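Results of the structural survey
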Amino acid sequence: MSTLNLSVEGMSCASCVGRVERALSAVPGVDSASVNLASESAQVEISEPGGAIRVSEALEKAGYPARVGDVTLQVEEMSCASCVGRVERALAQVPGVLEASVNLASETARVRYLEGGVTPETLIRVATEAGYPAKLPEGTATAPDAGERKDAEAAELRRLTLFAGALALPVFLMEMGGHMIPGVHHFIGETIGHRASWIIQFVLTTIVLFGPGRRFYTKGYPALLHGAPDMNSLVAIGTSAAYGYSVIATFLPFLLPAETRAVYYEAAAVIVVLILLGRWLEARAKGRTGQAIRKLMGLQAKSALVERGGEAVEVPIEQIVVGDLIRVRPGERIAVDGEVVQGATYVDESMLTGEPIPVRKSEGDTVVGGTVNGNGGISFRADKVGADTMLAQIIRMVEQAQGAKLPIQGLVDRITLWFVPAVMSVAGLTVLAWLLFGPSPAITYALVAGVAVLIIACPCAMGLATPTSIMVGTGRAAELGVLFRKGDALQRLQEVQVVALDKTGTITEGKPALTDMVLADGVDRDETLRLVAAVEGNSEHPVAKAIVEAAGKSRALPAVTDFTAIPGFGVRATVEGHAVLVGARRLMEREGIELGPLAEIGSDLAAAGKTALFAAVDGAIAAALAVSDPVKPTSRAAIDALHGLGLQVAMVTGDSKATADAIARDLGIDHVVAEVLPDGKVAALDALRDGERKLAFVGDGINDAPALAHADIGIAMGTGTDVAIESADVVLMTGDLRGVVNAFEISARTMRNIRQNLGWAFGYNTALIPVAAGALYPAFGILLSPVLAAGAMAMSSVFVLTNALRLRFVEPVLSDAPPQADPALSTRVAVAE
């Protein structure tokens, strides 16, 4: 299964989106297709080889061709026909490549590919990884990205709009000036004459329609002939009707009754101008909707100082390979992900975490591509390059979320499937009704009403209502450190009633420390701690690490044999001939070890909000230990904010009930599920659902992955493991619970924005189609002009886009300044002894 991102030409309204989706879904091997009008793109899931070619052919046949790029690469180190074959096969296997042709003599590879799905940088990386270093020839311009293309389109539409407006203005003044200023009509009659005026209007309008307005006819009429009319078809029919009637009135007036001889050149010309104006403003706004992606891509370094052959050379980022040693100078942007091998510095990671404070990096620490080095100099080994870097994965996640189709879009799709044919039927019935029942001259009224219906009902705003809000909302979310891995999570998050939080590393810092050690009578503290730490040194559990740190500072730990981890209970091992058990109270009870007075002490420690555990040596209780994991300073504020959103908050933990209850009381958590074994979190979530309630789970560890996948919405902390992140619907780039609040806020604001857009789009058409048809004429004598209809239609799309762009200014719910921890809570979880 591979995901193919395409850039699709020719889409102008929601009807186009439906046709493109149906064409893609009919291609063998395509499992799903999601089309986005705002970004003019499509995401296609393909499960068969060669799918890209079939997809391209299907789109071409449907009249919405995919944009195709063509690039020539310089390929090195090819020596024979076998090399040519290997390079061709490597390039041809890249999803989105249509054709790859390699020439040994010129040492070049010519590749045709689907724009949006493949970039020249990807092709360079694939050829290089195949063993044949590739690069773009000097001076080669890369294909423009979506933002540059939209800027160019907006510039072209601006030129056409101004040109058409300059020609349409005299037409409008000559025909409509007399209605506004009575003297104008007489002035024209006494100077050039009304017939000459009509001929001038004919010439100017013809230039407008077949010059700047030609796009509506070259796309609209073929779509109509194929039985799939779209917005262009409505504009083409409406303006053609007004123009054709006017031409007959001008050159063949004897075909019309005397009282109906009038021209509507101004309607045809001004409709084209207004729709071009709307398209121009729309293109400008669409360019801004993808700004978040362009900002992220702008964070990528263009080159890096790489050690090759004993010296440092400047290498394009596309040519960096895993294992390269890269030098980073002060103030430079780090090129790829890797591990520091020399030097120390502070790195600004705010692009990932949103935190403005630089992070110290020294030997053994990881650095992330796109972050900015401070004043120090370091060298690091490249571990992840190209599409594997964290920044590339973030960009990919945002692109996938922006291209997603929310469940709410299904309603739009069902309506727009039949919308344009229905509008054409309504326009036909409107003309017929005016001809049968309208006042004289009926044909004039019928023409005006029919054209107005066709123009006002263009479903542009419907098609833009949802995708523009998704693009801007998910883009702003990424800037706030919230990544929607699955686009539909944006809507499903609003259905959540309960937020379940894992404790360790989510609510707490995840860095426990040993705070208490109470001994049984006659037991030596240092010896017992040495034995316990030796056993725990074989465990990866955070509690174990705290004990090892407490004991390992002053002495070496003895060797351990027969180590066994007992999930959910503890560990056992043999140390210097002693049988040692370390774990929860339930482990001691299972092994039949009497706790004596330490049982009550353990309960007191747990009641203080600490993790209590016990150690037994040679079958006898030796000590009660307490480990405290400090609560993050921001957790209380985040939980209060979730309550403010009307959500219930639960905590799921393997700690004892007393420990969990103590933390829950101080944080205001509503439900506690304690003493949960690693494989019991899924069952715990089912219990918290309490029937049909929707639930979100927030976690960060490997053992959280099943629960993240099982929850209605899984939210993974970006500080967690790759397994947890892959199982989640939403990823937070920081380990801060405030990100959860921001995710809910972005979701709520985006869904509200979508509902506003859909309400406007559907309400606009529902209200104005009857007005355009003449519903107000019998009572008020009002008949909507086609010119006003065109203006209203153009502005409806601009309104939807402008409304969506407001999401760019959504601010985080909670301040970036970390609040002070609750003093009472600090007392309970800080070091006690």
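Note that the structure is a prediction, hence the values are computed from the model and not measured.

Our next topic: the overall build of the protein. From N to C terminus, the protein includes 31 helices and 29 strands. Taken along its principal axes, the extent of the C-alpha atoms in the protein is 120 × 75 × 50 Å. Looking at the protein as a whole, 51% of its 833 residues qualify as buried. At a minimum sequence separation of 6, the contacts of the protein that also span at least 24 residues come to 69%. Summed over its atoms, the accessible surface of the protein is roughly 35,100 Å², and 57% of this surface lies on carbon and sulfur atoms.

Before going further, it helps to examine the packing of helix α15 (residues 442–456) against helix α28 (residues 738–773). Running from N to C, α15 and α28 point in directions that differ by 165°, and their axes come no closer than 8 Å. In this view, α15 runs roughly antiparallel relative to α28, as classed from their interaxial angle. Crossing of α15 over α28 shows right-handed handedness. Residues A449, A452, V453 and I456 of α15 pack against Y764, N765, L768, I769, A772 and A773 of α28.

Looking at the secondary structure, you find G609 in the loop between α22 (598–607) and β23 (611–617). Classification of G609 by relative accessible area gives buried; the value is 7%. When the C-alpha atoms of G609 and K681 are compared, they prove to be 21 Å apart, with 72 residues separating the residues in sequence.

This part is about a nonpolar patch on the surface. Together, F163, I199, V203, I207, I248, F251, L252, F254 and L255 give the surface a local cluster of nonpolar side chains, amounting to about 780 Å² of exposed area. For the nonpolar patch, the elements supplying multiple residues, two or more each, are α7 (194–210) and α9 (231–251). Ranked by residues supplied to the nonpolar patch, first place goes to α7 with three residues. Along the chain, the position of V203 falls in helix α7. Owing to a relative accessible area of 41%, V203 belongs among the partly exposed residues under this scheme.

This part covers unusual backbone geometry. Of all residues except glycine, most have a negative phi; of all peptide bonds, most are trans. Residue P441 follows S440 across a cis peptide bond; omega there is -5°. On the secondary structure map, P441 appears in the loop between α14 (409–437) and α15. At E675, a position not held by glycine, the phi torsion is positive, near 55°. Within the secondary structure layout, E675 lies in the loop between β26 (671–673) and α25 (681–689). Residue E675 is classed as partly exposed on the basis of its relative accessible area of 43%.

Judged by nonpolar contacts, the single largest core of 145 residues is most densely connected at L6, M11, L24, V55, F484, I715 and V730. Once residues within four sequence positions are removed from consideration, L24 is found in contact with L6, V30, A33, V35, A42, V44, V55 and L59. In terms of nonpolar packing, the next biggest core, distinct from the first, is built from 24 residues, M517, V532, A546 and A551 among them.

Per the UniProt entry, the sites bearing "domain: HMA" (unreviewed entry) are residues 2–67 and 69–135 in this numbering. Taken as a whole, residues 69–135 contains 33% helix and 34% strand, while its terminal C-alpha atoms sit 16 Å from one another.

To continue, consider the UniProt feature "transmembrane region" (unreviewed entry) in the protein. If you check UniProt for "transmembrane region" (unreviewed entry), the listed places come out as residues 160–181, 196–213, 234–256, 262–281, 415–437, 443–466, 758–777 and 783–805 in our numbering. The span residues 196–213 is 83% helix and 0% strand, and its two end C-alpha atoms sit 24 Å from each other. End C-alpha atoms of residues 758–777 are separated by 28 Å, and the span's content is 85% helix alongside 0% strand.

Once that is clear, we can look at the packing of aromatic side chains. Tallying each qualifying case throughout the model produces 12 aromatic pairs. Seen in terms of ring centroids, F202 and Y243 are 6.2 Å apart; in terms of plane orientation they differ by 15°. Their pairing is stacked. Of the two residues, F202 is situated in helix α7 and Y243 in helix α9; the sequence distance between them amounts to 41 residues. A centroid spacing of 4.6 Å and a plane angle of 35° characterise the contact between W760 and F799, whose relative ring orientation is tilted. Separated by 39 residues along the polypeptide, W760 in helix α28 and F799 in helix α30 (residues 786–805) bring together distant segments of the chain.

With that out of the way, let us pick up α15. Taking 1.5 Å as the rise per residue, α15 with 15 residues should run 21 Å; its terminal C-alpha atoms sit 21 Å apart, in good agreement. Of all the 15 residues making up α15, 13 are buried; the element is thus mostly covered by neighbouring parts of the structure.

Pairing within the open sheet is antiparallel, and its three strands lie in the order β13-β12-β15. Taken across any chain shown, the strands that pair with only one partner, and hence form the sheet edges, are β13 (359–361) and β15 (372–373). Two strands pair when backbone bridges link them, and strand β12 (residues 345–348) and β15 are joined in this way by two bridges, in the antiparallel orientation. Its bridge partner lying in β15, V347 is registered against N373.

Attention now moves to the packing of helix α1 (residues 14–25) against helix α2 (residues 51–62). Packing of α1 against α2 leaves a shortest axis separation of 9 Å and a crossing angle of 140°. Considered as vectors, α1 and α2 are oriented oblique to each other. Classified by chirality, the crossing of α2 by α1 is right-handed. For the pair α1 and α2, the contacting residues are V20, A23 and L24 in the first and V55, A58, L59 and A62 in the second. Across the contact of α1 with α2, the residue classes tally to seven nonpolar, no polar and no charged.

When you line up the elements, A650 lands in strand β25 (residues 648–652). Given a relative accessible area of 0%, A650 falls into the buried group. Residues within four places of A650 in sequence aside, it is in contact with V498, V499, A500, L501, I669, H671 and L688.

Moving on, we get to the environment of G522. By the secondary structure assignment, G522 is in the loop between β19 (513–519) and α19 (525–536). Taking the C-alpha atoms as reference points, G522 and P421, separated by 101 residues in sequence, lie 91 Å from one another.

So, on to the pairing of strand β9 (residues 311–316). As paired elements, strand β8 (residues 303–308) and β9 share six bridges and run antiparallel to each other. In the strand pairing of β9, S303 is matched with P316. The turn joining β8 and β9, which pair antiparallel and follow one another in sequence, is formed by two residues; a positive phi near 65° is taken by G309.

Evaluated as defined, the whole model comprises 29 salt bridges. Where R110 meets D70, a salt bridge forms, and the shortest distance between an N and an O atom there is 2.5 Å. Within this pair, whereas R110 is found in strand β6 (residues 108–114), its partner D70 is found in strand β4 (residues 68–75), the two being separated by 40 residues in sequence. Taking the relative accessible area as the measure of exposure, D70 reaches 42% and is therefore partly exposed. Among the salt bridges present, the one from R749 reaches E745, with a minimum N-O distance of 3.2 Å. Separated by four residues within a single helix, R749 and E745 lie in helix α28, roughly one turn from each other. Among the residues examined, R749 registers a relative accessible area of 27% and is labelled partly exposed. Taken together, the shared-partner salt bridges in this structure form one network comprising E9, E40 and R67.

Per-residue confidence for the protein gives a mean pLDDT of 83, with 90% of residues at or over 70. Of the regions scoring below 50 in pLDDT, residues 817–833 engages in 34 contacts with residues more than four places distant in sequence or in other chains.

What counts as what
- Residues numbered from 1 in each chain as written.
- Predicted model: local features only at pLDDT ≥ 70, side-chain atom pairs only at ≥ 80, totals over all residues.
- Heavy atoms only, no water.
- Helix = DSSP H or I, 4+ residues; strand = E, 2+ residues; numbered from the N terminus.
- Buried < 20%, exposed > 50% of the residue type's maximum accessible area, 1.4 Å probe, protein only.
- Contact = heavy atoms within 4.5 Å.
- Areas by Shrake-Rupley, 256 points an atom, 1.4 Å probe, with all protein chains shown as cover.
- Axes fitted to C-alpha atoms, helices over the stretch in contact; angles between N-to-C directions.
- Parallel < 35°, antiparallel > 145°, perpendicular 65-115°, else oblique.
- Left-handed = near helix turned anticlockwise from the far one by under 90°.
- Patch = residues over 30% accessible without salt bridge, like charges linked within 9 Å, V, L, I, M, F, W, Y side chains within 5 Å.
- Salt bridge = Lys/Arg side-chain N within 4 Å of Asp/Glu carboxyl O.
- Core = buried A, V, L, I, M, F, W, Y, C linked by side-chain atoms within 4.5 Å.
- UniProt positions renumbered as here; feature names shortened; annotations may be inferred.
- Phe/Tyr/Trp six-rings, centres within 6.5 Å; stacked < 30°, edge-to-face > 60°.
- Expected span 1.5 Å × (residues − 1).
- Pairing = 2+ DSSP bridges.
- Nonpolar A, V, L, I, M, F, W, Y, C, P; charged D, E, K, R; others polar.
- pLDDT = per-residue confidence, 0-100.

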